[in-house]
Structures are given as structure tokens and as C-alpha cells.
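# Notes for the structure review
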Amino acid sequence: MDKETVKIGLLGSGTIGGGVIALLNRNGSEISEKIDVNLVLGKVADRDLSRLQALRLPEEIISTKAVDVLEDPEIDVVIELIGGIEPARSMIISALDNGKHVVTANKDLMAAYGEELLSLARDKNLNIYYEASVGGGIPLIRPLKQSLIADRICRLVGIVNGTTNYIFTRMAQDNLSLEEALSEAKKLGFAEADPSSDIEGRDAAYKLMILSRLAFGSSIDPGQVYVEGISAVTDQDIAYAREIGFTVKLLAIGEKMPEGLALRVHPALVPLEHPLASVLNEFNAIYIEGDAIGEVMFYGRGAGAMPTATAVLADVAEAARSIRYNCAGAVSEKSFQKASFVPIKDLNNRFYLRFLADDRPGVFAALANAFGDEQVSLDMVIQKRRVDSTAEIVLVTHDVREEAFHRAFKKVMSIPSIKPNPSMIRLLG
Ligand code: HSE
């Protein structure tokens with residue numbers, strides 16, 4: 001049945017929730033005009049009454065109980081901005097059980113339970129919209145679901161974590177250590193009080209899962225993504241990288257190979273001429289390669305209240321249109337297919353290595369043997385600096401299978417003149 005007015009219920013009135021309300025106040029009538037549906041904020045729930053009161057909303061639309069949103073028969077679309085797995089997951093299930101479309105910014109939940117929740121929504125001829133779960137305000141989910149549908153995506157490479165990108169930018173531009181850059185990021189509000197999910201790469205891995213499901217149409221579990229964080233990268237590595245024409249970024253990479261999907265998150269040396277190299281500070285970008293479109297890149301603010309609110313309200317607008325025109329299933333994903341996965345040990349990569357060694361005869365001969373034995377070919381060798389009377393050696397390999405590289409690396413580290421604690425970073429191929 002056609003509907004002229006669509007009522008929104010909001011769960012969670014924190015930073016993003018506040019942004020959604022502010023943007024609705026600012027642009028709500030324009031959005032309603034554009035979609036020919038009257039959008040009305042019907043109810044807002046948050047456990048924290050003082051947070052609700054600070055929003056200065058009419059008393060009759062605020063509540064400290066989620067159930068007042070979930071079971072209100074007048075609410076058509078529920079926006080979930082609570083975050084985390086529970087109670088967000090149960091609330092989304094309850095919203096669907098009550099016949100409501102759902103809009104969420106919850107990447108942890110969509111990564112871990114997205115397939116289950118989307119399937120539940122589909123069975124009920126409802127939709128879950130999650131544009132805000134990856135890349136804040138950058139349109140990514142909709143382009144992957146709709147605009148690029150005619151293409152076969154072979155690879156996506158993303159800078160999808162603003163905290164780590166800010167840290168690497170400050171390390172490169174101002175010679176800060178990782179700890180100093182992280183503390184700046186916290187001061188400026190780009191890093192959370194507990195940034196472990198960002199630093200350890202988990203945040204990027206969740207986002208990679210969400211994007212890769214859509215890009216490759218495949219079902220993905222968290223265990224199928226290789227994850228390596230940024231804590232081993234030093235300011236010396238970043239300085240050497242620049243010297244040889246690269247910058248360092250935390251990348252989320254999804255590739256469709258003949259043998260299956262390869263999904264990984266790790267720091268990587270990116271050539272300075274690559275479009276991703278110019279993505280600085282807290283900005284995010286996703287570079288997609290398709291067999292017909294070629295390369296396409298999406299760039300913008302990957303977090304923050306107002307950028308994320310634009311994605312949330314765009315989803316609300318799409319849900320409202322689907323209610324108005326009675327076409328809820330039109331943009332739902334079909335179920336994701338089982339896929340084969342290629343473990344990282346079977347991939348080919350180039351590697352950057354930096355380590356200290358005693359400066360005496362035979363060291364390079366031993367290195368050459370260790371690499372030569374495993375058929376690892378070197379592309380670049382630098383030795384020009386001394387650190388506490390030891391030589392600092394930097395090597396870059398040609399493309400090599402990970403397994404073979406690691407065997408050679410192990411042999412290198414067992415050479416008595418080589419000091420422990422090397423740096424090892426892959427290159428973007
Ligand atoms: N903590 C994330 C980042 C933003 O630094 O990009 C939320 O996904």
C-alpha cells in the first residue's frame with residue numbers, strides 16, 4: 001500500500017545519532033521533497049536519559065526503552081546506532097519481526113551476522129540497509145550493490161581505517177613515532193580511547209568482509225581474512241619507503257583469483273604514483289578494479305557524525321521509497337554463495353625487509369645463499385647507515401610466493417651476524 005508519510009524510530013542517540021537528528025532537522029524537508037515521501041522522526045530511544053534530553057526533542061518522542069521504538073506500530077523504519085553485537089542484533093531481529101525496515105551503521109554486527117540478518121530480512125520481504133557501516137559518508141555499499149552490478153569485480157584495495165591512516169600520515173610528514181602519532185590522533189578525536197581494533201587491523205577486516213561479500217557475491221567468515229596490524233611499522237621504515245618511492249598504508253585487499261578469493265589486511269608499501277598514496281590523514285578510499293569499468297576510486301571521510309549521518313539518511317530515504325512504491329525486495333542482496341579461499345601462504349607478493357647486521361665479511365654472501373636457496377630474487381639492496389656500530393640493511397624482493405619468502409626469511413634470521421627484530425612489510429603489487 002502506498003504511503004505518504006514514513007515514520008522513523010532511532011535506537012541510540014550518541015555521536016552518530018545526534019548527527020542524524022541534526023541532519024534531519026537541517027535537510028529533512030528537502031529530502032522529503034526529493035523522494036516525495038514525508039519523513040518524520042517518530043521516536044528516539046536511548047538508555048541514557050540525559051543524552052536524550054540534551055537533544056531537546058519533544059518529550060513524547062523520547063524513551064529510555066528500545067521496545068518503545070521496536071513495538072510502536074506507527075514506526076516504519078528503525079535506525080540502529082547502538083553498535084556492538086548485543087543487544088543490537090536482538091533489536092534488529094525484533095524490528096524485522098515487527099515488520100520494520102532497518103538501517104544500521106554497525107560494521108561489527110554486519111561483518112559477523114550480516115548474512116544471517118539479511119536472509120531473515122529477505123524472508124520477511126524487508127530490507128536491512130548498511131551504507132554507513134563502511135567508509136562513513138563515502139557511497140560504497142550502494143555502488144557495489146547497484147552501480148557496478150554489470151561488472152565483474154576482480155580486486156578491491158581500500159584504506160578503510162581513518163585512525164591508522166592518520167597515524168601513518170603524521171609519521172611520514174612529521175617524523176613522529178607511531179606512539180606519538182597515535183596520541184595526537186586521540187587528542188584530535190580521530191582515534192577512540194581504546195584504538196586496539198584499529199591498530200590491530202580488525203576494524204579494517206570487518207569492513208573488508210562487508211565489501212567483499214558484495215563485490216564477489218560470496219559468503220565470508222571472519223576466519224577467512226588474514227589480519228596484520230600496524231604496530232610493527234616504525235618511522236624508519238616509513239622514511240626508507242619514501243626514499244625508494246613508496247608510502248606506507250594499512251590496506252584491506254580483496255582479490256578474486258582463479259583458485260578462489262584472497263582476503264587480507266596488512267600494512268603495505270604503496271607506490272607514490274598510485275592514487276591510494278595521496279589519501280592522507282583520516283580520509284578513506286576504496287580502489288576497485290572491474291573487468292569492464294577498469295579502475296574506479298571512492299574517496300572521502302570514513303567516519304564522523306555528519307558524514308556518517310548522510311549515509312544513514314540516504315538509507316532511510318531508500319527504505320522510504322521502497323515503502324512508498326511497494327518494492328521492498330528490489331535492492332535486496334540475493335544469498336551469498338560459498339567460495340573457495342586462497343590462504344596468504346599461497347599468494348605472491350613483494351617484500352620490504354629492514355634489519356641490522358654485524359658489519360663484517362661474509363654477511364652478504366650468507367644473505368645471498370639464504371635467498372638464493374629459496375629462489376627469492378632481490379630487486380633492491382641498500383646499506384648506507386650504521387646504528388650502534390652495526391650496519392642497517394634494507395632489501396626489496398621481486399614477486400615471490402609467501403611460503404618461499406618465509407622459509408628464506410627464517411634462514412636469514414638464523415645467520416649469526418643478523419640482529420633480531422627485523423621489519424617486514426609487503427608491497428602493493
Ligand atoms: N575507527 C574507525 C576508523 C571509524 O578509524 O576509521 C569507525 O569505523
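Everything here concerns the structure above.
The shown structure was predicted, so the numbers you read here are calculated from the model rather than taken from an experiment.

Take empty space enclosed by the protein next. Under the criterion given, the structure shown has two cavities of 30 Å³ or more. In this structure, the largest cavity occupies an estimated 50 Å³ of space. Lining the largest cavity, in full, are Tyr129, Tyr130, Glu131, Ile141, Arg142, Lys145, Gln146, Asp315 and Glu318. Among the elements that line the lining of the largest cavity, the one with the most residues is helix H6 (residues 141-147), at four residues. Residues of the lining of the largest cavity, tallied by class, amount to three nonpolar, one polar and five charged. Here the second largest cavity defines a volume of roughly 30 Å³. Contributing to the lining of the second largest cavity are Leu118, Ala121, Arg122, Leu126, Asn127, Ser332 and Glu333.

This paragraph deals with the pattern of salt bridges. Within this structure, the stated rule accounts for 38 salt bridges. One salt bridge in this structure joins Asp174 and Arg170, with 2.6 Å as the shortest N-O distance. Here Arg170 and Asp174 lie together in helix H7 (residues 162-174), a separation of four residues that amounts to about one turn. Look at Asp174 and you get partly exposed, because its relative accessible area is 36%.

Taking strand neighbours across the sheet as the criterion, the six strands line up as S3-S2-S1-S4-S5-S6 in an open arrangement whose pairing is parallel. Looking along the sheet, the strands with just one partner apiece sit at the ends: strand S3 (62-63) and strand S6 (128-129). By the bridge criterion, two bridges tie strand S5 (residues 101-104) to S6 in an arrangement that is parallel. Opposite Val102, over in S6, you have Ile128 as the bridge partner. Contacts between helix H4 (residues 88-97) and the sheet are confined to strand S1 (5-11), strand S4 (77-80), S5 and S6, with S5 contributing the most and set at about 150 degrees to the helix.

What follows concerns the nonpolar core. Nonpolar side chains tend toward joint burial in soluble globular proteins. In terms of nonpolar packing, the biggest core is built from 78 residues, with Ile128, Leu211, Leu269 and Ile288 touching the most fellow members. No other element matches helix H10 (residues 202-216), which puts nine residues into this core. Contacts of Ile288, omitting those with residues within four sequence positions, involve Leu144, Leu148, Ile153, Arg155, Leu156, Gly294, Glu295, Val296 and Phe298. Counting residues in hydrophobic clusters, the runner-up holds 32 residues, among them Ile31, Val37, Val44 and Ile62.

Another point: the layout of surface pockets. Within this model, the second largest pocket holds a volume of roughly 400 Å³. The wall of the second largest pocket is formed by 22 residues, among which Leu144, Lys145, Ile149, Leu214 and Gly217 lie closest to the centre. Looking at the lining of the second largest pocket, the elements that each hand over two or more residues are H6 and H10. For the lining of the second largest pocket, the element with the highest residue contribution is H10, accounting for four residues.

With that settled, the discussion passes to the site of the ligand. What surrounds the ligand is the set Lys107, Asn161, Gly162, Thr163, Glu192, Asp198, Asp203, Lys207 and Ala303. A distance of 3.1 Å separates an oxygen atom of the ligand from a polar side-chain atom of Lys107. At 3.5 Å, a side-chain N or O of Asn161 approaches an oxygen atom of the ligand. Relative to its unbound accessible surface of 260 Å², the ligand loses 84% to contact with the protein. Elements with a contribution of two residues or more to the shell around the ligand: H7 and H10.

Two elements in contact, H7 and helix H8 (residues 178-187), have axes whose closest approach is 9 Å; the angle formed by their N-to-C orientations is 125 degrees. Comparing the axis directions of H7 and H8 gives the class oblique. Crossing of H7 against H8: the hand is right-handed. Between H7 and H8, the residues in contact are Tyr166, Ile167, Arg170 and Met171 and Leu178, Ala181, Leu182, Glu184 and Ala185, respectively. Looking at the contact of H7 with H8 residue by residue, the class counts come to seven nonpolar, no polar and two charged.

Relative orientation of the contacting elements H4 and helix H5 (residues 107-123) amounts to 15 degrees, with a least axis distance of 11 Å. Relative to H5, H4 is oriented roughly parallel. For the pair H4 and H5, the sense of crossing is right-handed. Residues Ala88, Arg89, Ile92, Ile93 and Leu96 of H4 form the contact with H5, whose own contacting residues are Leu109, Tyr113, Glu116, Leu117, Leu120 and Ala121. Tallied by class, the residues present in the contact of H4 with H5 amount to nine nonpolar, no polar and two charged.

The rules behind the values
- Every chain's residues receive numbers from 1 upward, in the order its sequence appears when written.
- Per-residue local features of the predicted model are confined to residues with pLDDT of at least 70, and side-chain atom pairs are confined, for both listing and counting, to 80 or more; whole-chain, interface and lining totals are unaffected and use all residues.
- With hydrogens and water set aside, each side-chain value is computed from the structure's full complement of heavy atoms.
- Note on definitions: the grid is 1 Å and covers protein atoms alone; a cavity is a set of points where a 1.4 Å probe fits but cannot get out; a pocket is an open set with protein on both sides within 12 Å along at least five of seven lines; lining residues have an atom within 4 Å of a point.
- Grid points are joined across faces, edges and corners, and a volume is the space filled by probe spheres set on the points.
- Starting at the N terminus, helices and strands are each numbered in turn, a helix being any DSSP run of H or I of at least four residues and a strand any DSSP run of E of at least two.
- Gly falls in the polar group here, along with every residue not listed as nonpolar (Ala, Val, Leu, Ile, Met, Phe, Trp, Tyr, Cys, Pro) or charged (Asp, Glu, Lys, Arg).
- Each reported salt bridge corresponds to a side-chain nitrogen of Lys or Arg within 4 Å of a carboxyl oxygen of Asp or Glu.
- Throughout this description, buried means an accessible area under 20% of the type-specific maximum (1.4 Å probe, protein chains only), exposed means over 50%, and partly exposed covers the range between.
- Should DSSP find at least two bridges between two strands, the strands are taken to pair.
- Contacts were defined at the residue level, with two residues in contact if any of their heavy atoms lie within 4.5 Å.
- Only the contacting stretch of a helix is used when fitting its axis, a line to C-alpha atoms as for every element, and angles between N-to-C directions run 0 to 180 degrees.
- Residues grouped as a nonpolar core are buried Ala, Val, Leu, Ile, Met, Phe, Trp, Tyr and Cys residues, joined through side-chain atoms within 4.5 Å.
- We call a residue near a molecule or strand as soon as one heavy atom of that residue lies within 4 Å of the molecule or strand.
- Throughout this description, a polar contact denotes any pair of N or O atoms lying within 3.5 Å of each other; where both atoms belong to protein, one of them has to be capable of donating a hydrogen while the other can accept it, and for residues adjacent in sequence the pair is counted only when both atoms sit in side chains.
- Exposure was quantified through the Shrake-Rupley algorithm and a 1.4 Å probe, taking into account, for residues, occlusion by the shown protein chains and nothing else.
- Orientation categories follow fixed angle ranges, with anything under 35 degrees roughly parallel, anything over 145 roughly antiparallel, 65 to 115 roughly perpendicular, and all other angles oblique.
- Crossing handedness: left-handed means the near helix sits turned counterclockwise from the far one by under a right angle, and right-handed means the same turn made clockwise.

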